[in-house]
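Here are the chains, one letter per residue:
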Amino acid sequence: MRTPPLASGPEGPHALRPLLDIVLRALDDGARARGGPLPAGGPDVVAARLREAVGEALPDQGDPQALSTLVRAFAEGAADPAHPLCAAHLHCPPLALAAAADLAASALNPSLDSWDQAPAASELETLVATALAAEVYEAGGDAGTGPDSLITTGGTESNQLALLLAREAYGGSVRLVCGANAHHSLARAAWLLGLPEPVVVPAPAGTLHPAALDEALSRLPGPLLVAATAGTTDAGLIDPLPEIAARCAAHRARLHIDAAYGGGLLFSDRHRPRLAGLDAADTVTLDLHKLGWQPVAAGLLAVKDPHDLTALRHRADYLNAADDTEAGLPDLLGRSLRTTRRPDVLKLAVTLKTLGRSGLGALVDQVCARAAEFAALVEEHPGFELHARPVISTVLFRPAGAGDTIVAAVRRALLTDGRAVLGRARLDGRLWLKATLLNPATGPDDLAALLHLVTARQATLVEGHTPR
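The structure contained in this document is the topic of the report that follows. Just so we're clear, the structure is a prediction, and the values are computed from it rather than from any experiment.

Looking at helix H4 (residues 96–108)
Here's step 1: Between its first and last C-alpha, H4 extends 19 Å over 13 residues, near the 18 Å set by a 1.5 Å rise per residue.
Here's step 2: Ala98, Ala101, Asp102, Ala105 and Ala107 are the residues of H4 that are buried.
Here's step 3: In this structure, the buried side of H4 is in contact with helix H1 (12–34) and helix H12 (345–380).

Some details on empty space enclosed by the protein
Here's step 1: Summed over the entire model, instances satisfying the criterion amount to three cavities of 30 Å³ or more.
Here's step 2: In terms of lining, the largest cavity is formed by Ala235, Leu237, His387, Ala388, Arg389, Pro390, Val391, Thr394, Val395 and Leu396.
Here's step 3: Looking at the lining of the largest cavity residue by residue, the classes come out as seven nonpolar, two polar and one charged.

Let's talk about the sheet that holds strand E10 (residues 423–427)
Pairing between sheet strands relies on hydrogen bonds along the backbone, with the strands arranged either parallel or antiparallel.
Here's step 1: Within the open sheet, the four strands sit side by side as E8-E9-E11-E10. Their pairing is antiparallel. The sheet terminates laterally at strand E8 (384–386) and E10, the two strands that pair on one side only. Pairs of neighbouring strands in the sheet enclose a mean axial angle of 40°, with direction left out of account.
Here's step 2: Of the pairings in the sheet, the one linking E10 to strand E11 (residues 430–436) comprises five bridges and is antiparallel in character. By the bridge assignment, Gly423 is partnered in E11 with Lys434.
Here's step 3: Contacting E8, strand E9 (394–399) and E11, H12 crosses the sheet at an angle of about 20° to E9.
Here's step 4: Helix H13 (residues 404–417) contacts E9, E10 and E11 of the sheet and is inclined by roughly 30° relative to E11.

Criteria and cut-off values
- Residues numbered from 1 in each chain as written.
- Predicted model: local features only at pLDDT ≥ 70, side-chain atom pairs only at ≥ 80, totals over all residues.
- Heavy atoms only, no water.
- Helix = DSSP H or I, 4+ residues; strand = E, 2+ residues; numbered from the N terminus.
- Expected span 1.5 Å × (residues − 1).
- Buried < 20%, exposed > 50% of the residue type's maximum accessible area, 1.4 Å probe, protein only.
- Contact = heavy atoms within 4.5 Å.
- 1 Å grid on protein atoms, 1.4 Å probe; cavity = no way out; pocket = protein on both sides within 12 Å on 5 of 7 lines; lining within 4 Å.
- Points joined across faces, edges and corners; volume = space filled by probe spheres on them.
- Nonpolar A, V, L, I, M, F, W, Y, C, P; charged D, E, K, R; others polar.
- Pairing = 2+ DSSP bridges.
- Axes fitted to C-alpha atoms, helices over the stretch in contact; angles between N-to-C directions.

And the structure:
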């Protein structure tokens, strides 16, 4: 058997070029076969279609057409975040240039656990991590002396690291205090780290209530870590960060802000003021695979005091031997809890350098504007009820007069049809449809079409029959 070509090395680019043509054709064919934002038919139908395309997953003899067959089936069965009617989750359509950069990272395959596996990638990560930390904290400084950030797989890993750093900063014990609106990964991280049961503070309007937080901090023994949210997953709401920061300072509690969603507002001159108080946090979670238009994964944890990162220092002689470090080889193990770590920094660096702050800010402004336009359409439509005007790019709405059962059924019917992808959120004791608008190319006609589809699907469900 002839040895399959490798992705890098002198012949790598020549080997990749025809394969990329196959992949691009298969992506196009799969998208055309899908015909919408989601494959039609529901889980059983989609699974059967994929099983038929794949056949035997590990055959005795290989299939030279596997790349084309599987990529086409993968695309046909995908939820396409670039489709304007795919608006359920914080699942962005990635920029083409970021995906292209990710290909280069995959082809060269550096691993950021030792310098000799990733010489350029390690330096690039330092530059990007320092620049994004300075964006959060509006402070300069060289790497190691000013604010820093770690590149992670996303908000869940970032939140876990934030709790770990807080625990170690306090000598091995800390109690988490968070709002009822906090992301589920925070409580899960507390459980994983063996911390006490978190104290959950009421969030009656969807955001953490400063007076209730103050009362909790007054009665609880320390040390305490408060976790606030800048961009909730249900409605995109931002906690009153300046007031929360003031309460934390008064009670000498450490502050973490989960800005996985809202952190992208930093790039926008228009919307950045909504994050006032962010720089008071000891740690901040960011996700650029949300309002950053990156392929997954592209998370960060920004850290105000770089000395906090000493808790992550670890020695493995084959990766960061003491004499190598003393001789000047960078020590990368303290940059993550992971060992093998892909260079997600490349796509970030390419995007930041290509678009700049103004280019990214323009994309943020566009999706926020689309959300405001969609909310206005809902508000003006007699057949719908709007939960509230959007803070970022999430709009909650529901058919007027419909019960929760119908709201849930409409959403599932649209998913099964493959016509539209909407999320769901329960607020104020009621179930709402959720449109998370992260596609800058979405236009007014798409927004109107989304409302039309919901109206039509509700009508067929109420009448007890399905559309042709």
